[in-house]
Amino acid sequence: MSSRIPLEVARVLRLGRPPEIWFKPALSVVAAVAPPNLTLVALDRLDLAMYTMAGSLCALYAHNRPYAARARTLAWVLLGMLGGLTAALLAASLTGSAVVLVTVGAVLAAAQKVLCDATRIGPPGNVILTFVSSAALFVPQTLAEIPGHLALGAAAGAWAWLVGMAPGLLRPHGPERRATAVALRAAATYAGSVREHTLAHAESAAEHDRAGTAAEHDRALAATALAAARQALLGAGRATGVRRALGRLLDRAEIALAAPADADPDLLRAWARGLRGTRAVPLVDDLALLRGEPVPRDPLWARVRPLGRLAVRTGLGCAFAGYASLALGVGRPYWALVTAASLYQASFTLTWGRGVQRVVGNLLGVLLFAALVPLAHTGGLALVLCCAALNFGAEALIGRNYWLGSVCVTPMALLITEFAGLQDPGRLIGERVLDTVVGALVGLLAALAVPDRARARVVRTGRGTPRTLAGAEHREVPHPDQRTQSDTTEGVRP
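Here is a short report on the structure shown in this document. (Residues numbered from 1 in each chain as written. Predicted model: local features only at pLDDT ≥ 70, side-chain atom pairs only at ≥ 80, totals over all residues. Heavy atoms only, no water.)

A word on the packing of helix α2 (residues 23–42) against helix α7 (residues 146–165)
Keep this limit in mind: Between N-to-C directions, angles cover 0 to 180 degrees, with each direction set by a line fitted to C-alpha atoms, over the stretch in contact for helices. By the criteria applied, helices consist of DSSP H or I runs no shorter than four residues and strands consist of E runs no shorter than two, each listed in order from the N terminus. Here a crossing is called left-handed whenever its near helix is offset anticlockwise from the far helix by less than a right angle, and right-handed whenever the offset is clockwise. Any pair of residues with heavy atoms lying within 4.5 Å of one another is described as a contacting pair. Residue type decides the class: Asp, Glu, Lys and Arg count as charged, Ala, Val, Leu, Ile, Met, Phe, Trp, Tyr, Cys and Pro as nonpolar, and the leftover types, Gly among them, as polar.
Interaxial distance between α2 and α7 falls to 9 Å at its minimum, and their mutual angle equals 145 degrees. Judged by the sense of rotation from one axis to the other, the crossing of α2 with α7 is right-handed. Residues S28, A31, A32, P35 and P36 of α2 touch α7, and the partners they reach there are A156, W159, A160 and V163. Residues of the contact of α2 with α7, tallied by class, amount to 8 nonpolar, 1 polar and no charged.

Focus on the pattern of salt bridges
Convention followed: The working definition used for a salt bridge is a side-chain nitrogen of Lys or Arg within 4 Å of a carboxyl oxygen of Asp or Glu. Relative accessibility decides the category of a residue: with a 1.4 Å probe and only protein chains considered, values under 20% of the type maximum give buried, values over 50% give exposed, and everything between is partly exposed.
If you walk through the whole model with that rule in mind, you get 6 salt bridges. Taking the shortest distance from any N to any O, the salt bridge between R243 and E176 comes out at 2.9 Å. Of the two residues, R243 is situated in helix α10 (residues 241–258) and E176 in helix α8 (residues 174–200); the sequence distance between them amounts to 67 residues. The burial state of R243 is the same as that of E176; both residues are buried. The salt bridge involving R230 is made with D251; its shortest N-O contact spans 2.9 Å. One end of the pair, R230, is in helix α9 (residues 205–234); the other, D251, is in helix α10, with 21 residues separating them in the sequence.

Let's talk about the environment of G83
With respect to the helices and strands, G83 occurs in helix α4 (residues 67–94). Distance in space between the C-alpha atoms of G83 and L150 is 9.5 Å, their sequence separation being 67 residues.

Written out as structure tokens, the structure reads:
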């Protein structure tokens, strides 16, 4: 048993390949965050940056959705962000009781987790919303200040919406093209795996079984990628010539899944390469296959109802993590609360893995913070630029593994606390380490105390391996109901 633990930890921390468009969320979040913060530096009001950051961080969402769907998603994310911020600011203005504020934060965290899961908003999911609302609970506030602070968040969120939509001016069909290319490459990989399986028949039985398992895994990934690409086309709006051409390419990918032995992997990959940039979509004959139809979705209440145990687990884990932090004398219990909120996945195994990733990333992140403090403390401009660089690093790296992105997220979150005034680095580091450990331990205990066996069965009976399923939170694993998921984004995960 003891020998398995290091192997499991190594598996959880193993780095994957970077997502294909890792640079898009990284550049977008910098473009969304930097202008409002630089404006505040020029006005000598960096103490208001927390409110502009709330709106700016909406730029982390929906990067793989078609632009018509992206516009709606970003608008809903902004409304959700402002709703959580409003509730937090009202609570902060009405009470100074830390216990009450932690309780409010736990209730908000549970609601945000359930709504994000029910709507499948995608990475970074509820964590950004919970970070913003939990941090706002512990900022001194008056009722008269709330409208102005919300206006700052709304203005920055509107700018983030424009940043998210801007690439559509140059490449209006970009998300659909990428989704189709992913499906073609996945179909080519499956066709290649089937050929290897056939050739392995003449070799040893063990080699034959290994090739068969690999082929089955590749087929599951290809089917998921194809479903995601169909959904992308369906969510892209009216049928244009480009989208009809993409649909014909998906027909070819579907045929490759049905008859992989007859498929040409090289040709499928050539079509995928032809979708790069803005060049003309490769033309193939229309096979008049049955096109995918929009999947009818249950009303929101019907999707929320099965998530009751998840809400209880998240609420209890966040509440008791915050209470434990208060009992230990930490001045920022919301760090423990957010740590607990970030852990919960579809099974305890995945939740445990996320806890390991979170702790390792945060511990390394506080070391990076200690190295950056001398530079960041040279002035407001340096502080903002350091945060922008860490924003970029977090989004660029988190697709490899959640813990690697957390190495940048942790110092960024610590520097954000200094927007209102420089603080003692040693105390910040000590509190962050303590809150990380407390939040992770209490969060895992809550996951054990309130298991969700129905969701865990879905994971155990899925085709993906535990590693594949764990990576679905922070790597680009196609999801048939929305888009290709990127980690986990979880994007910036304070």
